[in-house]
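# Structure assessment
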Amino acid sequence: MGNVARFKRIYIEITSSCNLKCSFCQETLRSPHFMSVDEFAHTLQQIRPYTNYIYLHVKGEPLLHPQLDEMVLQIKKIPGVSSVSLTTNAVLLAQHAKWLKEAGIDSINVSLDTIDASEYERITKKPLLEEVKHGINAAIECGIRVKINVVLTPQTDVVALTRYASKKGTDIRFIEMMPVGEGHTNGVEPYEKVIGALLEVYGTPCHIDTENREEINSGYNNADNGPAEYYSFHGLDIRVGLIQAIHGKFCDTCNRIRVTADGRLMPCLGSSVTMDLVPDSCEFTDDLEKDFVIVQALKAAIKAKPGCHNFNDNAVTYTKTTETKTTEIEAAEVNAARNMSRIGG
């Protein structure tokens, strides 16, 4: 059960739409939804007491939202919010970097799983790698802190991506693919894959104690680290991070909750539990009544957060009911049938 006081990170999905079709993420039957500025502002005011760090993205591509700059400006006006970040595939970043900087964005995480053009097109179904590189360059030139996020697969070229990140002066994080959809059969052990490959090129790594070092490289502090374990290598002026949901389970320190563009609260990516931020059936006499409902829903979602995720835990079962029978299904089977966009990864 979640502790309300522990939660300091809120991830807000402002759109479920995306301009790529990555094989491990895309859900073609899902209707896109855009959170309105009014919805966003109202939600933001109520969740503010629970967080100092706001991240724009759960799934979908935030740069597709036509009023993203206004949303960033609204967040930055709220006293006490110390960091506003967004995660993007960077396809549209080149034309948006300048006004994101002017709006006050603190950092940008770029999702980039390869720097090989043909491999990029295979993964995303779009020949847009050069646009991504231009976007990264534009953000760096504007003075925005950039990190590169890589979802690990057996095909990931760890050394090539790390060299690219080092050339750009950006930290890089390798993320273990959760065992849903393609990840159910296509996952790899992150430490062995990443550190093993880099060790052969750069030698023995040094683990970075991000809990006790307030500032490490490029102005980042420990608030930026999230669940990543960071390593440094001789000859690299950047940090190499691992985010290991399975092999380095961090559920006991997880301090985040997600709000989706269609008004759902997600306490945990590995849980089937979601709840309405504001139920459709509710009718409010005034904003104060609506605010109360939002706050109560947020508290309930935090308290409903499980002690740990249940990926591949066959001690956990779900109930599937049809017109003719009710069947107990193991968690691993349920997760194999889902994909990243469905769970909000």
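Rules and cut-offs
Residues numbered from 1 in each chain as written. Predicted model: local features only at pLDDT ≥ 70, side-chain atom pairs only at ≥ 80, totals over all residues. Heavy atoms only, no water. Helix = DSSP H or I, 4+ residues; strand = E, 2+ residues; numbered from the N terminus. Contact = heavy atoms within 4.5 Å. Areas by Shrake-Rupley, 256 points an atom, 1.4 Å probe, with all protein chains shown as cover. pLDDT = per-residue confidence, 0-100. Buried < 20%, exposed > 50% of the residue type's maximum accessible area, 1.4 Å probe, protein only. Axes fitted to C-alpha atoms, helices over the stretch in contact; angles between N-to-C directions. Parallel < 35°, antiparallel > 145°, perpendicular 65-115°, else oblique. Left-handed = near helix turned anticlockwise from the far one by under 90°. Nonpolar A, V, L, I, M, F, W, Y, C, P; charged D, E, K, R; others polar. Phe/Tyr/Trp six-rings, centres within 6.5 Å; stacked < 30°, edge-to-face > 60°. Lys NZ or Arg CZ within 6 Å of the ring centre and 35° of its normal. Pairing = 2+ DSSP bridges. Expected span 1.5 Å × (residues − 1). Core = buried A, V, L, I, M, F, W, Y, C linked by side-chain atoms within 4.5 Å. Right-handed = clockwise from strand over helix to strand, strands pointing away.

Scanning the protein for helices and strands turns up 11 helices and 14 strands. For the protein, restricting intrachain contacts to residue pairs at least 6 apart in sequence, the fraction spanning at least 24 positions comes to 70%. As presented, the protein carries roughly 15,900 Å² of accessible surface, and 49% of it is formed by carbon and sulfur atoms.

The next subject is the confidence of the model for the protein. Atom-level detail of predicted coordinates should not be read off regions where pLDDT is low. Here the protein averages 77 in pLDDT, while 70% of its residues score no lower than 70. This model gives residues 213–223 a pLDDT under 50, and the stretch forms 28 contacts once residues within four places in sequence are excluded. Note on residues 314–345: pLDDT under 50 across the span, and 77 contacts to partners over four residues away in sequence or across chains.

Peptide bonds are mostly trans, and most non-glycine residues show a negative phi. With a phi close to 70°, A90 is a non-glycine residue in the positive phi region. Assignment of secondary structure puts A90 in the loop between strand 3 (83–88) and helix 3 (93–103). Residue A90 is classed as buried on the basis of its relative accessible area of 0%. Even without being a glycine, K125 presents a positive backbone phi close to 65°.

All right, on to the packing of helix 1 (residues 37–47) against helix 2 (residues 68–76) then. Put simply, helix 1 and helix 2 touch, their axes get as near as 10 Å, and they point 20° apart. Taken together, the axis directions place helix 1 and helix 2 in an arrangement best described as roughly parallel. Remark: the crossing between helix 1 and helix 2 carries right-handed chirality. Of the residues in helix 2, those in contact with V37, F40, A41 and L44 of helix 1 are E70, M71, Q74 and I75. Among the residues forming the contact of helix 1 with helix 2, the class breakdown is six nonpolar, one polar and one charged.

Another point: the packing of aromatic side chains. One pass over the structure, following the stated rule, counts two aromatic pairs. Where Y191 meets Y231, the ring centres are 5.9 Å apart and the plane angle is 70°; that geometry is what we call edge-to-face. Of this pair, Y191 sits in helix 8 (residues 190–202) while Y231 sits in strand 8 (residues 229–232), and the two are 40 residues apart along the sequence. The exposure class of Y231 is buried, given its relative accessible area of 11%. Taking NZ or CZ as reference, R239 lies 3.8 Å from the ring centre of Y230, over its face.

Taking every second residue as pointing to the same face, both faces of strand 10 (residues 256–259) are buried, with R256 and R258 on one and I257 and V259 on the other. Note that strand 1 (residues 9–12) and strand 10 share four bridges and pair parallel. Among the inter-strand pairings, I10 is bridged to a residue of strand 10, identified as I257. The pairing of strand 10 with strand 11 (residues 264–266) spans two bridges and is antiparallel. Following the sheet pairing, V259 is matched in strand 11 by L265. The hairpin turn running from strand 10 into strand 11, its antiparallel successor, is four residues long, and G263 in that turn takes a positive phi close to 85°.

Before going further, it helps to spend a moment on the packing of helix 6 (residues 158–168) against helix 8. The contact between helix 6 and helix 8 brings their axes to 9 Å, and the two run at 70°. Classified by the angle between their axes, helix 6 and helix 8 sit roughly perpendicular to one another. Considering only the axes of helix 6 and helix 8, their crossing is right-handed. On the side of helix 6, the interface is formed by V158, V159, T162 and R163, while helix 8 contributes K193, V194, A197, L198, V201 and Y202. Grouping the constituent residues of the contact of helix 6 with helix 8 by class yields seven nonpolar, one polar and two charged.

The subject of this paragraph is helix 5 (residues 129–141). Over its 13 residues, helix 5 runs 19 Å from end to end, which matches the ideal 18 Å to within 8%, given 1.5 Å per residue. Of the positions making up helix 5, those classed as buried are L129, V132, G135, I136, A138 and A139. Where the residues of helix 5 are buried, they touch helix 3, strand 4 (107–111), helix 4 (117–124), strand 5 (145–151) and helix 6. Where helix 5 ends, the next residue or the one after it, G143, has phi of about 85°, a positive value.

Here the alpha-carbon distance between Y231 and I195, two residues 36 residues apart in the chain, equals 8.7 Å. Leave out the neighbours within four places in its chain, and Y231 touches Y191, I195, P205, C206, H207, I208, I238, R239, V240 and L242.

The biggest cluster of nonpolar side chains holds 73 residues, and the ones touching the most others in it are L93, L100, V110, L112, I172, F174 and V194. Setting aside its immediate chain neighbours within four residues, V194 contacts L152, V158, F174, V240 and L242.

We now examine the environment of Q155. Tracing the backbone through its elements, the reader meets Q155 in the loop between strand 5 and helix 6. For Q155, a relative accessible area of 47% gives the class partly exposed. C-alpha of Q155 to C-alpha of D113: the two residues are 42 residues apart in sequence and 9.7 Å apart in space.

On any regular strand, side chains alternate: one points to one face of the sheet, the next to the other face. Most of strand 6 (residues 171–175) is tucked away: four of the five residues are buried. In this sheet, strand 6 lies alongside strand 5 in parallel orientation, the contact comprising five bridges. Residue pairing in the sheet places I148 in a bridge with I172 of strand 6. Read from strand 5 through helix 6 to strand 6, the crossover connection turns out right-handed.

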